[in-house]
Amino acid sequence: VQLQASGGGLVQAGGSLRLSCAASGSTFSPNVMAWFRQVPGKEREFVGSIRMNSAIAYYTDSVKGRFTVSRDRVKKMVYLQMNSLKPEDTAVYYCAAANGIITSTIATARAYDYWGQGTLVTVPA
């Protein structure tokens, strides 16, 4: 099983960026896919996630109304549309996937079974 994230880059404050994550593995069918982010010296932070069957999405408060997580269940892909970007959104963004997860742990990094390599998003001040 591999997760491949892409789409990061440099964007001015107020701009938009769309991240993509593809899950590979013929027998792999994730129940939940998620985005986390991390800056040097800090713990990995939950950004948002989506249940692949129902498309129910969850977000951390700091991105609600600005970021949208979506998925293509057939292609096993998850997307993170980021609008109104702020300098504090600067981080390495990781996608993650879980075989099964309960809602109370959906924002917990340890609940996820697989991780991508990360893609850097930079929003200059």
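In this numbering scheme, every chain counts its residues from 1 along its sequence in written order. Given that this is a predicted model, residues contribute local features only at a pLDDT of at least 70 and side-chain atom pairs are listed and counted only at 80 or more, while totals for whole chains, interfaces and linings are drawn from all residues. Side-chain calculation: all heavy atoms of the structure are included, whereas hydrogens and water are not.

Caption draft 1: Region of the structure containing the overall build of the protein. A run of H or I in DSSP becomes a helix once it reaches four residues, and a run of E becomes a strand once it reaches two; helices and strands are each numbered from the N terminus. Check the secondary structure of the protein and you find 0 helices and 11 strands. Computed over the C-alpha atoms, the radius of gyration of the protein is 13 Å, within 12% of the 14 Å expected from 2.2 N^0.38 for a compact globule of 125 residues. Working rule for contacts: check all heavy atoms of both residues, and any pair within 4.5 Å makes them a contact. If you take every contact in the protein between residues at least 6 apart in sequence, the share linking residues at least 24 apart comes to 55%. Surface accessibility of the protein: about 6,300 Å² in total, with carbon and sulfur atoms responsible for 49%. Neither His nor the chain termini are counted; the positive set is Lys and Arg, and the negative set is Asp and Glu. Each charge is placed at NZ for Lys, CZ for Arg, CG for Asp and CD for Glu. Computing the positive centroid from 13 side-chain charges and the negative centroid from 7, the protein places the two 6 Å apart. Atoms counted for the radius of gyration: C-alpha only. Globule rule: 2.2 Å times residue count to the power 0.38. Residue exposure ignores everything except the shown protein chains as possible cover, and the areas themselves are Shrake-Rupley values with a 1.4 Å probe.

Caption draft 2: The arrangement of the sheet that holds strand E1 (residues 2-6) in detail. The pairing criterion for strands is at least two bridges between them, as found by DSSP. Read from one edge of the open sheet, 4 strands run E1-E3-E8-E7, paired in antiparallel fashion. Because the sheet does not close on itself, it has two edges, and the strands there are E1 and strand E7 (67-72). Between one strand axis and the next, the sheet turns by 15 degrees as a mean value, whatever way the strands run. Where strand E3 (residues 17-24) lies against strand E8 (residues 77-82), 6 bridges are found, and the strand directions are antiparallel. Note on E8: the bridge partner recorded for Arg18 is Gln81. An axis is simply a line fitted to the C-alpha atoms; with a helix, the fit covers only the stretch in contact. Between two such axes, the angle follows the N-to-C directions and lies from 0 to 180 degrees.

Caption draft 3: Spatial organisation of the side chain of Asp89. Counting through the fold element by element, Asp89 comes out in the loop between E8 and strand E9 (91-98). To sort residues, take the accessible area from a 1.4 Å probe on protein chains only and compare it with the maximum for the residue type: under 20% means buried, over 50% means exposed, and anything in between is partly exposed. By relative accessible area, Asp89 is classed as buried at 0%. Residues contacting Asp89, with those up to four places away along its chain left out, are Arg37, Arg66, Phe67, Ser84 and Val121.

Caption draft 4: Looking closely at the state of the cysteines. Note on terminology: disulfide denotes any pair of cysteine sulfur atoms within 2.5 Å. Overall, the coordinates contain 1 disulfide when judged by the stated rule. Residue pairing for Cys21: its cysteine sulfur links by disulfide to Cys95, the two sulfurs lying 2.0 Å apart. Its S-S torsion of about 55 degrees marks the bond between Cys21 and Cys95 as right-handed, since a negative value means left-handed. Of this pair, Cys21 sits in strand E3 while Cys95 sits in strand E9; the two residues are 74 residues apart in sequence, bridging distant segments of the chain. This pair shows no difference in class: Cys21 is buried, exactly as Cys95 is.

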